[in-house]
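# Observations on the model geometry
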Amino acid sequence: MTAPAWTSVTHPASGARVPVPPGWQPELDAGAPVVLVSPPAPGQAPGFRPNIVVTIEQIPPEVAGLAAYTASSITGMQRMLTGFHVIAIDDITVGGHEGCRVLCGHRDGTYALATEHWWTVAGGVATTLTASCQVEDYLDLAEVFEQAAAGMIPARGLDRGSAG
Amino acid sequence: MNAQPGDPSRLSGTQRRDRFQALREATAQREPPVITEAGLRLIRDLAATPQPAEPADGQLHPELEQLAQAGLADASGNMHAGGKAFLDTVRWSNAHLEIEVAAGQSVRAWKSWLGQEHAVVLAQSSPAIAPGNTPHDVAGRQPLTLSHYTLQLVTPGWVPVDALHWLGSRPQTPPGHPCQLPLSPLLRRVTDPAVPPPRDDPDITRLWDQPLQMWAVTAEPAGDHLLLLDSAATGVWMLATGSEGTRGARPTDGTGTVTLTPLPARALWRLLLVLTVRAVSPPGARPADASSDTSPSPGGSRSP
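Reference entry: report on the structure contained in this document. (Residues numbered from 1 in each chain as written. Chains lettered and ligands numbered in written order. Predicted model: local features only at pLDDT ≥ 70, side-chain atom pairs only at ≥ 80, totals over all residues.)

### Some words on the overall build of chain B
Quick reminder of the rule: Here a strand is any run of E in DSSP of at least two residues, a helix any run of H or I of at least four, and the numbering for each starts at the N terminus. Whether a residue is buried, exposed or partly exposed is read from the other C-beta atoms within 10 Å of its own C-beta, which are placed from the backbone; 20 or more gives buried, 12 or fewer gives exposed, and intermediate counts give partly exposed. In this description, any two residues whose backbone-derived C-beta atoms lie within 7 Å of each other are considered to be in contact.
Counting its secondary structure elements, chain B contains 9 helices and 11 strands. Counting all 304 residues of chain B, 37% fall into the buried class. In chain B, the share of contacts with a sequence separation of at least 24, taken over all contacts with a separation of at least 6, comes to 63%.

### Overview of the overall build of chain A
Each helix and strand counted, chain A has 2 helices and 9 strands in total. Along chain A, helices and strands appear, N-terminal first, in the series β-β-β-β-β-α-β-β-β-β-α. Here chain A holds 164 residues, and the buried ones make up 36% of them. For chain A, long-range pairs separated by at least 24 residues make up 48% of all intrachain contacts whose partners lie at least 6 apart in sequence.

### Points about the sheet that holds strand β4 (residues 34-37) of chain A
All names here are of chain A. Inclusion rule: Strand pairing requires that DSSP identify at least two bridges connecting the strands. Note on method: axes are straight lines fitted to C-alpha atoms, helices fitted across the in-contact stretch only, with angles between N-to-C directions ranging 0 to 180 degrees.
Pairing is antiparallel across the open sheet formed by 7 strands, whose spatial order is β3-β4-β5-β9-β8-β7-β6. Pairing within the sheet leaves two strands with one partner each, and these edge strands are β3 (25-27) and β6 (82-94). The mean inter-strand angle of the sheet, taken between neighbouring strand axes irrespective of direction, is 15 degrees. In the packing of helix α1 (residues 66-80) onto the sheet, the strands contacted are β6, β7 (97-108), β8 (111-122) and β9 (125-134), and the crossing angle to β7 comes to about 5 degrees. Across the sheet, helix α2 (residues 138-150) lies against β5 (51-58), β8 and β9, angled at about 160 degrees from β9, the strand it touches most.

### A closer look at the interface of chain A and chain B
Counting from both sides, the interface comprises 27 residues of chain A and, opposite them, 19 residues of chain B. When contributions to the side of chain A that touches chain B are tallied by element, the ones reaching two or more residues are α1, β6, β7, β8 and α2 of chain A. Tallying contributions element by element places β6(A) first for the side of chain A that touches chain B, with 9 residues.

### A word on the nonpolar core
A general tendency of soluble globular proteins is for nonpolar side chains to be buried together. Put simply, the rule reads: Note on definitions: a nonpolar core is a set of buried residues drawn from Ala, Val, Leu, Ile, Met, Phe, Trp, Tyr and Cys, linked by C-beta atoms within 7 Å.
Leu228(B) and Leu239(B) are the most contacted members of the largest nonpolar core, which totals 65 residues. Top element by residues in this core is helix α9 (residues 265-280) of chain B. It accounts for 7 residues. Of all hydrophobic cores here, the second largest spans 38 residues; its members include Val18(A), Val135(A), Ala142(A) and Leu158(A).

### Some details on the packing of helix α6 (residues 159-167) of chain B against α9(B)
Residues and elements named next belong to chain B. Note the cut-off: Comment on the angle field: the value is read as roughly parallel under 35 degrees, roughly antiparallel over 145, roughly perpendicular from 65 to 115, and oblique elsewhere. Note: crossing handedness is left-handed where the near helix turns anticlockwise from the far helix by less than a right angle, and right-handed where it turns clockwise.
Relative orientation of the contacting elements α6 and α9 amounts to 140 degrees, with a least axis distance of 9 Å. By the angle between their axes, α6 is oblique relative to α9. The element α6 and its partner α9 pack so that their crossing is right-handed. For the pair α6 and α9, the contacting residues are Val 159, Pro 160, Ala 163 and Leu 164 in the first and Trp 269, Leu 272, Leu 273 and Thr 276 in the second.

### Concerning unusual backbone geometry
Residue and element names in this part refer to chain B. In this chain, Glu 220 is followed by Pro 221 through a cis amide linkage whose omega measures 10 degrees. Structurally, the position occupied by Pro 221 is in the loop between β7 (213-220) and β8 (224-230). One non-glycine residue, Ala 232, adopts positive backbone phi at about 50 degrees. Relative to the helices and strands, Ala 232 is located in the loop between β8 and β9 (236-241). By C-beta crowding, Ala 232 is classed as buried, having 23 other C-beta atoms within 10 Å.

### Some points on the environment of Met214(B)
Residues and elements named next belong to chain B. Counting through the fold element by element, Met 214 comes out in strand β7. Residue classification places Met 214 among the partly exposed residues on the basis of 19 C-beta atoms within 10 Å. Between the alpha carbons of Met 214 and Ser 231 there is a distance of 8.7 Å; along the sequence they are 17 residues apart.

### Side note on helix α7 (residues 183-191) of chain B
Residues and elements named next belong to chain B. Formally: Working definition: the arc comes from the directions between the helix axis and the C-beta atoms, pointing outward to the latter.
Regarding α7, the residues found buried are Leu 183, Leu 186, Arg 189 and Val 190. Across the axial projection of α7, the buried residues extend over an arc of 125 degrees, all falling on one side. Buried-residue contacts for α7 involve β2 (95-103), α5 (135-139), β6 (179-182), α8 (202-208), β7 and β10 (257-263).

### Thoughts on the environment of Thr55(A)
Residue and element names in this part refer to chain A. Topologically, Thr 55 is positioned in strand β5. For Thr 55, a count of 21 C-beta atoms within 10 Å puts it in the buried group. In this structure, the C-alpha to C-alpha distance between Thr 55 and Ala 16, residues 39 residues apart in sequence, is 9.4 Å.

### Quick word on helix α4 (residues 81-91) of chain B
One full turn of an α-helix is made of 3.6 residues, so residues set three or four places apart face in the same direction. All names here are of chain B. When we look at burial in α4, the residues that qualify are Gly 83, Phe 86, Thr 89 and Val 90. For α4, the buried positions fall inside an angular range of 135 degrees around the axis, keeping them on one side. Set apart from the buried face of α4 by more than 90 degrees, the exposed residues are Ala 81 and Arg 91.

In structure tokens:
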């Protein structure tokens, strides 16, 4: 029996391509991020559905480099999220570009959430893949998130007027 | 997929498990710290004077210890990021929601300050009426011997959830219609279960036989002031003085009659949501008072 195949979606305004795990629902709009949502498990109680969101943004000159963008992103999350913790930061390659992998945890109401980010900055455009799930599901999903990030092709650029 | 040694883009199973453990520890729900009023005053003072002079009698130590245990300051009186976030949220808040619950000789308070990104919630012991509580248990409540608060720094959206959790919710079967009562015996009944019901009416007698406590809810700057009656199994009621229709009451003199309108659990939840949203919304952008269902309006009495 063959395992269900991964597919992929391409963001029309930027050319960013993201692998789609088997059974996940892609939601794609030229002016919005690429969103992949995991299928609800049969009989599973309603809860936080694991998801992957890819955002593409034209970044301002003051955060043009990878280090500055990383610092700015983490500061922003620290400000906005309750009980935010950075668990690990790794310097990696994302789609052939210098990039960063950041694992964070925070609380949102009754949920303890894990968010893992892969981002890279190229040509003034940042491409970020953010994978989120409940902390308790992280061990089961980490490999799926990693595989999606490993197959992501970052944005080539960003059409004027399109925000990811 | 096999992880390559030293390749951080692919983690080994051991690395994943280590990170998973770190995530669990970092995001575990912890008991909120408990702070006394003296500890709260000390936070305020530390903001102005990071190194407070220790009094000769050493009385400062317990409060500093509280703040250190809560992660708000260190033992030398230097404020940590958590303490600064707490104080900044209170100082620069957009709205304040406060609930006081009176039963017997006891008044317990729940206070929240809502900022754009965070909210601070300070709460004394929950006044929720437990299933086994009798009218005498609740009417016999004494003032808290230690005035301490649990302190939480939360997202603003969590505030109404926390308020409802603090007030408590339980199965209830309120009569489906409002009733009118003279105010004076009702107020006396809250502190003395021996006060007889004002008239022979099955609904009123049923309410009268329950543990009773009053809730005063204030939302600023919206200027909402509401008075509610918690009658345990017969539910929560919004109080309005006779001439005010559905508007809330502030029975300062205890005279006249009061209209009690039943507030089902769903309507109470909606009321807390509306009060929160309206408190943080600028004038002109406030949501409609009443919901589309039969929830009473949170109009209450308004500050000018």
